[in-house]
Amino acid sequence: MKLDLLTKLIKEAVKEAVREELETILSEDVKHIQAPKQTVTKYAEYKPVVAKPVATGNPIADLMNETKYSMTQGEYQSMISATSDMVQAPGLGMNPIEQFRQGPEPGLDISQFDFMMKAGQVYKASIEKDKQRFGA
């Protein structure tokens, strides 16, 4: 019973406080708040940085590079109606990258070293020794 009395007292106190606050809020003059002025910043028209193609010395590759750098994606899609089945894997036919590759391949060409000239003889000698050793 004491708990019920306490909850009733709390409810009445809260109601009374809310009524008082509502009266003060409603009696105040409503002030119109002006919207803050919006400043508009004008920027120059955006121009993307366009990369320039590097001359390779191969006229066909140069023309392809110029076309690549001058076309937008929208222009490409309107001209080309390619699908994924038209893509060629490297080494399975005409790959444009391999077609225009110039100069030496990266890495070390070991075929020019002296020990490579004798590699065939060393291999044949090792086969002969294995036959003698294991009797095959």
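Quick note: structure is the one above.
Rules used in this analysis
- Residues numbered from 1 in each chain as written.
- Predicted model: local features only at pLDDT ≥ 70, side-chain atom pairs only at ≥ 80, totals over all residues.
- Heavy atoms only, no water.
- Helix = DSSP H or I, 4+ residues; strand = E, 2+ residues; numbered from the N terminus.
- Buried < 20%, exposed > 50% of the residue type's maximum accessible area, 1.4 Å probe, protein only.
- Polar contact = N/O pair within 3.5 Å; in protein donor to acceptor, adjacent residues only side chain to side chain.
- Patch = residues over 30% accessible without salt bridge, like charges linked within 9 Å, V, L, I, M, F, W, Y side chains within 5 Å.
- Areas by Shrake-Rupley, 256 points an atom, 1.4 Å probe, with all protein chains shown as cover.
- Salt bridge = Lys/Arg side-chain N within 4 Å of Asp/Glu carboxyl O.
- Expected span 1.5 Å × (residues − 1).

Engineer: Explain the environment of D62 here, please?
Structural biologist: In this structure, D62 sits in helix α2 (residues 59-70). Assessed through its relative accessible area of 18%, D62 is described here as buried. A distance of 2.8 Å separates the side chain of D62 from the backbone nitrogen of T56, its partner in a polar contact.

Engineer: Just checking my understanding: could you explain a nonpolar patch on the surface for this structure?
Structural biologist: On the surface, L3, L6, I10, V14, V18, L22 and L26 cluster together into a nonpolar patch covering about 710 Å² of accessible area. With respect to the helices, strands and loops of the structure, L22 is situated in helix α1 (residues 2-27). Residue class for L22 comes out partly exposed when judged on its relative accessible area of 46%.

Engineer: Sorry, what's going on with α1 here?
Structural biologist: Along an α-helix, residues three or four apart share an orientation, since each turn contains 3.6 residues. Along its 26 residues, α1 runs 38 Å from first to last C-alpha, staying within 8% of the 38 Å computed at 1.5 Å per residue. Among the 26 residues of α1, 0 are classified as buried, and the element is accordingly described as predominantly exposed.

All we've got here are geometric facts, nothing functional implied.
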